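Notes for the structure review
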Amino acid sequence: MKRELLRMNHVSLLQNGESLLDNLNFQMFAGEIMGLVAGRNRGYDQLIQLICQNLPISFGTVWYDGQIVNTYSHSSGTFNRVYVIEQMSHLVEGLSVVDNLFVLRKGFKKYFINERVLREQANKFFGENGLKVNVNKRVSALTPLERCLIELGKALLMGCKLIIIDNPGNFLSQYELMQFQDMLRLVQKNGVSILYIGNHHQEVFLIADRTSLFFDGRIIKVFERNEMTDEGISPYITDWYLPGSQTNPEQEDGVLHFHSVHGKNLHGLRFVLHRAECLTILDMDNRIAEDILSLMTGTGICFQGRITLDHEPYTPERAADYLKAGIAVIPKDCSKSLLFHERSYMENLTFLLDRKLQQSFIPEKIYRSIKNEFGPLVGDFIEESIVTHLPLEEQIALVYYRILLFHPRVLICIQPLANGDMIVRLRILALLQEILKTGTAILIITTNVSDTLMISDRLLIVENGTCVASYNKNEFDQVDW
């Protein structure tokens with residue numbers, strides 16, 4: 001018989017007049033991997049926070065491990081035995097793995113520390129739990145996968161019965177993700193529950209026993225094992241199919257060529273990107289994005305091979321002024337790195353226009369014309385005087401509207417769908433589709449293809465810095481994941 005570990009019963013949370021959780025019902029059993037896919041992120045952070053800590057709620061009741069731990073009438077503020085593994089590390093960088101596991105653990109009271117004994121205990125513990133970890137490393141030298149395994153071990157040592165895995169596809173390579181999921185299945189067999197949160201339902205469906213669809217502060221559907229299919233979730237996803245996503249790139253004209261390029265992590269990478277084409281590179285090792293960006297922006301050196309743009313050599317001198325060459329880049333956390341947060345919407349939107357017009361002063365009539373053109377798309381947000389006041393979705397959209405206005409020859413996107421809920425991702429895809437229509441070639445580098453295949457014309461799978469497989473759009477269903 002299944003034993004209930006967590007139950008949130010009719011939980012509502014109102015903050016500053018906004019309903020963040022709305023009559024939410026959520027249940028998990030001991031030894032279960034529950035998937036969670038967010039259709040919209042409103043209330044998402046608060047849900048995770050309430051699972052971890054018994055903070056005040058407006059209505060409802062929360063049970064954890066058979067006991068009532070939180071109600072609308074009394075919230076103790078205590079922490080439940082829950083551990084969160086997310087992109088931000090919870091380990092102390094300057095210390096060893098053993099120090100993080102034992103010395104920093106709550107309740108550790110020894111004054112004289114025998115590191116040899118602690119290492120032996122750590123090796124025994126990891127071996128018993130099937131976790132392959134080098135405990136002699138310092139935290140700063142760990143790979144992303146090793147860091148996750150250490151945190152997984154730390155959670156088990158702390159006696160946590162529920163571990164939350166928050167979007168691991170954002171910071172683990174495809175290979176690392178598969179290995180990490182194998183470890184989670186081993187941990188599950190020991191009776192530990194896993195809440196596995198993913199940006200894309202296909203990733204979550206591969207590992208979950210059940211999956212909850214979270215939307216605007218509510219669980220609107222719980223999918224059982226036999227319901228976890230694309231067909232099963234499609235009625236709950238608005239505008240999942242993007243009209244016009246079947247592009248017809250002008251294949252006769254290659255814009256960007258990588259001719260057997262070697263770099264720090266590139267080992268003979270070859271590809272050609274055509275005008276109005278979207279090419280997705282799935283980086284199985286999560287290592288090539290920095291190399292490609294450094295080569296395209298003039299901060300890296302091509303050890304061997306060559307790069308051409310419009311059939312002309314793309315030299316380091318040309319790359320140093322990559323915007324002038326017609327290259328635009330959108331990094332992973334674009335709203336943080338590409339916006340001037342204390343400036344207005346229009347100042348941010350027109351930031352690259354001086355490069356486009358090759359003049360520092362933008363005539364007022366052009367400024368008004370841009371505002372009239374983008375006003376119907378943006379709405380009242382275009383009048384905002386400080387962009388930090390915008391919702392995150394609108395900040396991200398602003399970055400893509402700026403690119404649409406700049407109209408580059410090539411746009412390079414690093415994991416564009418890594419952050420944001422389902423609605424935000426769909427909007428990004430729609431904006432990328434609009435950018436493609438202008439003739440811009442788009443290169444997407446990602447560790448998780450998720451929804452990018454919806455607008456992609458080709459997919460390259462890169463391993464150890466070289467292409468190991470290539471698929472056209474009509475062959476995507478043949479990809480062996």
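Before reading further, recall that the structure is shown in the block above.
The present account deals with the structure reproduced in this document. (Residues numbered from 1 in each chain as written. Predicted model: local features only at pLDDT ≥ 70, side-chain atom pairs only at ≥ 80, totals over all residues. Heavy atoms only, no water.)

1. Brief notes about the pairing of strand β14 (residues 304–309)
Applicable threshold: The rule for pairing is simple: two strands pair if DSSP sees at least two bridges between them. Numbering goes from the N terminus for both helices and strands, where a helix is a DSSP run of H or I of at least four residues and a strand is a run of E of at least two.
As paired elements, β14 and strand β15 (residues 312–313) share two bridges and run antiparallel to each other. Of the residues in β15, the one forming a bridge with threonine 308 is proline 313. The loop that links β14 with its antiparallel partner β15 comprises two residues; one of these, aspartate 310, has a positive phi angle of about 55°.

2. Points about unusual backbone geometry
One non-glycine residue, aspartate 310, lies in positive phi territory at about 55°. Position of aspartate 310 among the secondary structure elements: in the loop between β14 and β15. Backbone geometry places histidine 311, a non-glycine residue, at a positive phi of 65°. Within the element layout of this structure, histidine 311 appears in the loop between β14 and β15.

3. Structural notes on the pattern of salt bridges
So the rule is basically this: Salt bridges are identified by distance alone: a Lys or Arg side-chain nitrogen within 4 Å of an Asp or Glu carboxyl oxygen.
In the structure shown here, the tally under the stated rule is 16 salt bridges. Between glutamate 4 and arginine 7 there is a salt bridge whose closest N-O contact spans 2.9 Å. Here the salt bridges do not stand alone but share partners, grouping Arg3, Asp65 and Lys161 into one network.

4. Overview of a nonpolar patch on the surface
Note the threshold: Patch building starts from residues that exceed 30% relative accessible area and form no salt bridge, then joins like charges within 9 Å and nonpolar side chains (Val, Leu, Ile, Met, Phe, Trp, Tyr) within 5 Å. To measure how exposed things are, a 1.4 Å probe is used in the Shrake-Rupley method; for residues, cover is taken only from the protein chains shown.
Taken together, Leu14, Phe59 and Tyr72 make up a surface patch of nonpolar side chains, about 350 Å² in accessible area. The residue leucine 14 is located in strand β1 (residues 4–15) in this model.

5. Examining the packing of helix α14 (residues 392–406) against helix α15 (residues 422–437)
Just so we agree on the cut-off: Interaxial angle, 0 to 180 degrees, is taken between N-to-C directions of lines fitted to C-alpha atoms, where a helix line uses only the stretch in contact. Here the word oblique covers every angle except those under 35 degrees (roughly parallel), over 145 (roughly antiparallel) and from 65 to 115 (roughly perpendicular). Whether two residues are in contact is decided by their heavy atoms: any pair within 4.5 Å suffices. Side-chain classes follow a simple rule in which Ala, Val, Leu, Ile, Met, Phe, Trp, Tyr, Cys and Pro form the nonpolar group, Asp, Glu, Lys and Arg form the charged group, and the remainder, Gly included, forms the polar group.
Where α14 meets α15, the closest approach of the two axes is 10 Å, and the angle between their N-to-C directions is 5°. In terms of orientation, α14 and α15 fall into the roughly parallel class. Taken together, the residues of α15 that come into contact with α14 (itself represented by Glu393, Glu394, Ile396, Ala397, Tyr400, Tyr401, Ile403 and Leu404) are Ile423, Val424, Arg427, Ile428, Leu431, Leu432, Glu434 and Ile435. Its residues assigned to classes, the contact of α14 with α15 shows 12 nonpolar, no polar and four charged.

6. Focus: the side chain of asparagine 167
Quick reminder of the rule: Here a polar contact is recorded for every N or O atom pair within 3.5 Å, except that within protein the pair must consist of a potential hydrogen donor and a potential acceptor, and residues adjacent in sequence are included only if both atoms are side-chain atoms.
Relative to the elements of secondary structure, asparagine 167 occurs in the loop between β7 (162–166) and α5 (174–189). Engagement of the side chain of asparagine 167 in a polar contact is seen with the backbone nitrogen of asparagine 199, the distance being 2.8 Å. When neighbours within four sequence positions are excluded, asparagine 167 is seen to be in contact with Tyr44, Ile197, Gly198 and Asn199.

7. Remarks on the sheet that holds strand β6 (residues 82–85)
The mixed open sheet is built from six strands, whose spatial order is β6-β7-β8-β3-β9-β10. Strand pairing shows two members of the sheet lacking a second neighbour, β6 and β10 (218–223), which therefore form its edges. For this sheet, the mean angle separating the axes of adjacent strands, direction not counted, is 20°. Where β7 meets strand β8 (residues 193–198), five bridges bridge the pair, whose relative direction is parallel. Its bridge partner lying in β8, leucine 162 is registered against serine 193. Where helix α4 (residues 144–157) meets the sheet, it contacts β6 and β7, and its direction lies at approximately 175° from that of β6.

8. Here we look at the packing of α4 against α5
Note the following rule: The crossing is said to be left-handed when, going from far helix to near helix, the turn is anticlockwise and less than a right angle, and right-handed when the turn is clockwise.
Where α4 meets α5, the axes come as close as 10 Å, and the angle between the chain directions of the two elements is 15°. The orientation of α4 with respect to α5, classified from their angle, is roughly parallel. Remark: the crossing between α4 and α5 carries right-handed chirality. Residue-level inspection shows Pro144, Leu145, Cys148, Leu149, Leu152 and Leu156 of α4 in contact with α5, the latter providing Glu176, Gln179, Phe180, Met183, Leu184 and Val187. Classifying every residue of the contact of α4 with α5 gives 10 nonpolar, one polar and one charged.

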